[in-house]
Amino acid sequence: MKAQELKDKTPDQLKDQLLALKKEQFNLRFQQATGQLESTARMRTVRRDVARVKTILNQKAAEAAASN
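Residues numbered from 1 in each chain as written. Predicted model: local features only at pLDDT ≥ 70, side-chain atom pairs only at ≥ 80, totals over all residues. Heavy atoms only, no water.

Caption draft 1: Up close: the side chain of Gln25. Residue placement: Gln25 occurs in helix 2 (residues 11-34). The contact partners of Gln25, leaving out residues within four places of it in the chain, are Val46, Arg47 and Val50. (Helix = DSSP H or I, 4+ residues; strand = E, 2+ residues; numbered from the N terminus. Contact = heavy atoms within 4.5 Å.)

Dropping the structure here:
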């Protein structure tokens, strides 16, 4: 997922994306704990995607606050 793709989305879409990523992150952690995780690299990419979405959300909130 690229940051430019996220910048084009609305805050509501970003929140939905964040929720989906958090669920996936939870499932990956659960798989790792039970020894069923096949792709450990996926945990890293999901964690970084979560950070990317949060960053864009914060930027949008700062822009909205500055414009008021």
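Caption draft 2: A look at the nonpolar core. The biggest cluster of nonpolar side chains holds 11 residues, and these are Leu6, Leu14, Leu18, Leu21, Leu28, Leu37, Val46, Val50, Val53, Ile56 and Leu57. At the level of secondary structure, the elements contributing two or more residues to this core comprise helix 2 and helix 3 (41-67). Element by element, the count of residues in this core is highest for helix 3, at five residues. Among all residues touching Leu57, those that are not within four sequence positions of it are Pro11, Leu14, Lys15 and Leu18. (Core = buried A, V, L, I, M, F, W, Y, C linked by side-chain atoms within 4.5 Å. Buried < 20%, exposed > 50% of the residue type's maximum accessible area, 1.4 Å probe, protein only.)

Caption draft 3: View of the packing of helix 2 against helix 3. At a closest axis distance of 9 Å, the pairing of helix 2 and helix 3 adopts a crossing angle of 155 degrees. Viewed along their axes, helix 2 and helix 3 adopt a mutual orientation that is roughly antiparallel. Between helix 2 and helix 3 lies a crossing whose hand is left-handed. Of helix 3, the residues touching helix 2 (which contributes Pro11, Leu14, Lys15, Gln17, Leu18, Leu21, Lys22, Glu24, Gln25, Leu28, Arg29 and Gln32) are Arg42, Met43, Val46, Arg47, Asp49, Val50, Val53, Lys54, Ile56, Leu57 and Lys60. Classifying every residue of the contact of helix 2 with helix 3 by side-chain character gives 11 nonpolar, three polar and nine charged. (Axes fitted to C-alpha atoms, helices over the stretch in contact; angles between N-to-C directions. Parallel < 35°, antiparallel > 145°, perpendicular 65-115°, else oblique. Left-handed = near helix turned anticlockwise from the far one by under 90°. Nonpolar A, V, L, I, M, F, W, Y, C, P; charged D, E, K, R; others polar.)

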